[in-house]
Amino acid sequence: MKTITPILLKDGYKVGHKFQYPAGTTLVYANLTPRKSRNEAIQEIVFFGLQYFIKEYLVRQFDEHFFSQPKAAVLEAYARRIDNYLGKDAITYDHIAALHDLGYLPLEIKALPEGTLVPVRVPVFTIKNTLPEFFWLTNMLETLLSAITWKPCTSATTAFQYLRTFTRYAAETVGDDRSFIPWQGHDFSFRGMSGIEDAVMSGAGHLLSFAGTDTIPAIDFLETYYHADCAQELVGGSVAATEHSVMCMGTQDDELGTFERLITEVYPKGIVSIVSDTWDFWQVITDFLPALKETILAREGKVVIRPDSGDPVKIIVGDEDAIPGSPEYKGAITCMWETFGGAITEKGYKLLDSHIGLIYGDSITTERQEAILEGLKRKGFASYNVVLGIGSYTYEYVTRDTFGFAMKATYGEVNGVGRAIFKDPKTDDGTKKSAKGLMQVYRNPNTGKLELKDECSWEEEAQGELKTVFKDGKITIDHTLAEIRARLTAQLE
């Protein structure tokens, strides 16, 4: 896709707002806030993605595709687009020329540390202009800021819910060992996302909580924008795995031979995941695995069985409506235990032999995750018996309104006089009622939770948890992936 000059990355109605503010306007101060959760069980979001936005758009794209371009070419391109959009000479372009002459974005963004859990209705960042004549820049960026930041926050929040559940069941059924949890949630969403940028932003949000991913470019994203280094730390990883075309090409009549060839010739050691429902999953579980038992147990590594259709709860845990004693009734984990056995965790739950495992990556939701882990627990199995794939149904079946992200101006100055501004529509249920004036985000000493104080003085606004991360064209705080992960993990309890 052609790179579009960032000065045009905005809603069409933003073009004329510079001329609509009252005469004498010198300051516009706005914020981005998750206003309302559509999931009553989730009342805090994980803040993530602003640093990418700053580095990619405010720095790189504005530098390369606006400030570094010849002024005449920039103005000609802007006028061509807007004259043919709103009508010739609908607006003047002196303000665009003045910004190009300045050579940087005169803005200040103050934000919470990325990886912070932020309660609904608490701002994650504020933004204002630093030079009076560029008051129009603040809200001109609303469209771009919103479009880029809501998704990584939302995916990071969703992944954290999975992490919380895996951690809770590990504590209940495994013990103190947490080493397998980073691999229990695996990102399978790439092919179902709406574009590459969407996939990598979401995939990076997933990697704040987990290490398992099939979204390879999410690793590049974290190395480019968050100082990760896959040669020095675990950023994201996966294992050798088959797909249905591989199994089909081996033919149905020789499916057992395909399994044997994969685990003895192609992957004689290490972890290999084999999709197992190409024809008859229960035949694989009850016939093929017993036939290959000694080969699997003698092998250096783990063979991971991957069912990929049906109801994941019933497939893994068992179907109470099936014929008693049948494989469907018992469920895959029970059947695999009967074949391979295993160990008992310090919490007294059964854990399959280390040479065999199971991953399920189709139609998993947080509700099904809970049902699977709870069902296994009731049957005496530890949570570490399964890895769950998290796909595009989870990461794409969301919108900006999942957590009500919105950027709104709450303060301005006209002729040197401050104005605390807000919106409170009578026709709304309260969701769109905005805060008012300058803002301070502080941590309540009694609860440890972040809270908002609005209608602040400038002295109060300068205090609190919001810190300057970008000012006058330069990033001022540069988080690393390791820092963000540590911050997020510390908030698990």
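Residues numbered from 1 in each chain as written. Predicted model: local features only at pLDDT ≥ 70, side-chain atom pairs only at ≥ 80, totals over all residues. Heavy atoms only, no water.

1. With respect to the UniProt feature "domain: Nicotinamide phosphoribosyltransferase N-terminal" (unreviewed entry) in the protein chain
Under the convention used in this document: UniProt positions are given in the numbering used here, feature names are shortened, and annotations may be inferred rather than shown by experiment. In DSSP terms, a helix is any run of H or I states spanning at least four residues, a strand is any run of E spanning at least two, and both are numbered starting from the N terminus.
Per the UniProt record, the feature "domain: Nicotinamide phosphoribosyltransferase N-terminal" (unreviewed entry) sits at residues 8–62. As annotated, residues 8–62 comprises 24% helix and 24% strand, and the C-alpha atoms at either end are separated by 11 Å.

2. Describing the packing of aromatic side chains
We count it as follows: Aromatic pairing here means that ring centres of Phe, Tyr or Trp (its six-membered ring) are within 6.5 Å. Orientation follows from the plane angle: under 30 degrees is stacked, over 60 is edge-to-face, and everything else is tilted. Classification of residues uses two cut-offs on accessible area relative to the type maximum, computed with a 1.4 Å probe and protein chains only: under 20% is buried, over 50% is exposed, and between them is partly exposed. Throughout this description, the term charge over a ring refers to an Arg CZ or Lys NZ atom that lies within 6 Å of the ring centre and within 35 degrees of the ring normal.
Within the structure shown, the criterion is met by 22 aromatic pairs. Centroid distance Y52 to Y57: 6.1 Å. Interplanar angle 85°. Geometry classified as edge-to-face. With a relative accessible area of 7%, Y57 lands in the buried category. Pairing F166 with F210 gives two aromatic rings, centres 6.0 Å apart and planes at 90°, and the pair type is edge-to-face. Within this pair, whereas F166 is found in helix α5 (residues 142–173), its partner F210 is found in the loop between α7 (196–206) and α8 (217–225), the two being separated by 44 residues in sequence. Each of the two residues, F166 as well as F210, counts as buried. Here a set of aromatic residues connected by ring pairs shows up, and it is made of F48, Y52, F53, Y57, F221, Y225 and Y226. Residue placement shows K350 over the ring face of F381; its charged tip is 4.4 Å from the ring centre.

3. Points about the sheet that holds strand β5 (residues 125–129)
To be explicit about the condition: Paired strands, as defined in this entry, are two strands with at least two bridges between them according to DSSP. Every residue pair with non-hydrogen atoms within 4.5 Å of one another is taken to be in contact. Between N-to-C directions, angles cover 0 to 180 degrees, with each direction set by a line fitted to C-alpha atoms, over the stretch in contact for helices.
Read across the open sheet, the 7 strands follow the order β15-β14-β1-β5-β3-β18-β19; overall the sheet is antiparallel. Each of the sheet's edge strands pairs with one partner strand only, and the pair in question is β15 (417–420) and β19 (474–475). Across 2 bridges, the pairing between strand β18 (residues 467–471) and β19 is antiparallel. Counted as the bridge partner of F470 is I475 from β19. Against the sheet, helix α1 (residues 50–67) contacts β3 (107–111), β5, β18 and β19, and its axis sits at roughly 20° relative to β18. Along the sheet, α5 makes contact with β1 (25–34), β5 and β14 (405–414), crossing β14 at roughly 140°.

4. Some points on the pairing of β15
On any regular strand, side chains alternate: one points to one face of the sheet, the next to the other face. Taken together, the 4 bridges between β14 and β15 define a ladder with antiparallel strand orientation. Within β15, the residue paired with G412 across the bridge is R419. Two successive antiparallel strands, β14 and β15, enclose a turn made up of 2 residues, where N415 displays a positive phi of approximately 55°.

5. Examining the nonpolar core
As a reminder of what qualifies: Buried Ala, Val, Leu, Ile, Met, Phe, Trp, Tyr and Cys residues that are joined via side-chain atoms within 4.5 Å together make up what is termed a nonpolar core.
Counting residues in each nonpolar core, the largest one holds 131 residues, and the members touching the most others are F47, L50, F125, F221, L222 and I316. The element best represented in this core is α5, accounting for 13 residues. Residues within four places of L50 in sequence aside, it is in contact with I109, A111, E114, F125, L145, T149, Y226 and V469. By size, the runner-up hydrophobic cluster in this structure holds 7 residues, among which are L27, Y29, A435 and M439.

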